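If you want the building blocks of each chain, they are given just below.
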Amino acid sequence: MLKVLFFGDIVGEPGRNAVIARLPELKEQHSLDFIVVNGENAAGGRGITGKITIDLLRAGVSVVTTGDHIWDQKDILSFIDTEPRLLRPLNYPAGAPGNGSIVLETSKGKIGVINVQCRTFMQPILDNPFRTIEESVAKIREETPNIVVDVHGETTSEKIAMGHFLDGKVSAVIGTHTHVQTADEQILPGGTAFLCDAGMCGPVYSILGRTIEPILDRFVSNMPASFPVAAGEVRLHGALVEIDEKSGRALRITRMDEPGPAQPSSEPEPKVDNEQSPTPEQT
């Protein structure tokens, strides 16, 4: 049996530090074979850098997926072609830097990961994800039946549709982007594990990982504001998928809701992560 841990969107320094701190313990506790995390909000809540990618990989992450914020940090354009384990959405037009899929070896055989972005209410509008992913799945299945898909999208309907579209063709389809974990984990009829959204790895007392007050002010006043990453307690949200490595069929999917590292009893004033904090128009 192949055990795969998938963590949802990492938000800023609090989220990435918590993931890095907890991964060794979780890997041992659950006898994990493979770890996928979505890192597209890992740099100040917006994008990811080469350094952060390397830190996550060194901590035990197997593949880092992303989404609509993949290009928000300027160094990523030159970095992404040097690190194939950092994925950008598969359905960018031909010629875009980086790759949208990868196949890696584990002690229990090969596993493929595909990163695809939805189109409804998403920017930029990319190529049709359903048409694009068909070819990639067929190609990877020539090497392995074990395939995990990160479907990065805004609407539940489009992500659920992708789950049914790929049912029986991949091992798991797990949604990202909304930062709110859904309660619809299931094994679809064809043997594909599905979760509409994995949730986020980030501060609990927040609005989607951001400091509450500026967002409230924005909703009330409609005036421009920056949304810094929040501080305080962190939770790690995602899913644990158990796969029959011979057939690629999922045997079990379990939602994950793990605490971040223990906080010291007398904690200093928390530092807010302000790296590249976006304006409302940029979120």
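Note that the structure is predicted; figures quoted are calculated from it, not measured.

(A) Examining the side chain of Thr53 more closely. Summarising the element assignment, Thr53 is placed in helix H2 (residues 50–58). In this view, Thr53 contacts Ile48, Val64, Phe79, Glu83 and Leu86; residues no more than four positions away in its chain are not counted.

(B) Molecular detail of the pairing of strand S3 (residues 34–38). Among the five residues in S3, five count as buried, and that is most of the element. By the alternation rule, side chains of S3 split into Phe34, Val36 and Asn38 and Ile35 and Val37, which are all buried. Looking at chain direction, S3 and strand S4 (residues 63–65) are connected through three bridges and run parallel. Following the sheet pairing, Val36 is matched in S4 by Val63.

(C) Local environment of the pairing of strand S8 (residues 172–176). Most of S8 sits inside the fold, with five of its five residues counted as buried. By the alternation rule, side chains of S8 split into Ala172, Ile174 and Thr176 and Val173 and Gly175, which are all buried. Across five bridges, the pairing between strand S7 (residues 147–152) and S8 is parallel. Each bridged residue has a counterpart across the sheet, and for Val148 the counterpart in S8 is Ala172. Chirality of the crossover, the property in question, places the unit of S7, helix H5 (residues 156–166) and S8 among those that are right-handed.

(D) Broad picture of the packing of helix H4 (residues 129–141) against H5. Contact pair H4 / H5: the axes reach a minimum separation of 11 Å and the direction vectors enclose 35°. Our pair here, H4 against H5, has a crossing hand that is right-handed. Judged by residue contacts, Pro129, Phe130, Ile133, Glu134 and Val137 of H4 engage Glu158, Ala161, Met162, Phe165 and Leu166 from H5. Grouping the constituent residues of the contact of H4 with H5 by class yields eight nonpolar, no polar and two charged.

(E) Seen up close, the packing of aromatic side chains. Inspection of the entire model under this criterion finds two aromatic pairs. Ring centres of Trp71 and Tyr92 lie 5.7 Å apart, and the angle between their planes is 80°; this geometry places the pair in the edge-to-face category. Here Trp71 is found in the loop between S4 and helix H3 (76–79), whereas its partner Tyr92 is found in the loop between H3 and strand S5 (101–106), with 21 residues between them in sequence. On the basis of relative accessible area, Trp71 is assigned to the partly exposed category, the value being 24%. Here Tyr92 falls in the buried class, since its relative accessible area comes to 12%. For the ring pair Phe130 and Phe165, a centre distance of 5.3 Å and an interplane angle of 85° mean the geometry is edge-to-face. Of this pair, Phe130 sits in helix H4 while Phe165 sits in helix H5, placing them 35 residues apart in sequence. Assessed through its relative accessible area of 26%, Phe165 is described here as partly exposed.

The rules behind the values
- Residues numbered from 1 in each chain as written.
- Predicted model: local features only at pLDDT ≥ 70, side-chain atom pairs only at ≥ 80, totals over all residues.
- Heavy atoms only, no water.
- Helix = DSSP H or I, 4+ residues; strand = E, 2+ residues; numbered from the N terminus.
- Contact = heavy atoms within 4.5 Å.
- Buried < 20%, exposed > 50% of the residue type's maximum accessible area, 1.4 Å probe, protein only.
- Pairing = 2+ DSSP bridges.
- Right-handed = clockwise from strand over helix to strand, strands pointing away.
- Axes fitted to C-alpha atoms, helices over the stretch in contact; angles between N-to-C directions.
- Left-handed = near helix turned anticlockwise from the far one by under 90°.
- Nonpolar A, V, L, I, M, F, W, Y, C, P; charged D, E, K, R; others polar.
- Phe/Tyr/Trp six-rings, centres within 6.5 Å; stacked < 30°, edge-to-face > 60°.

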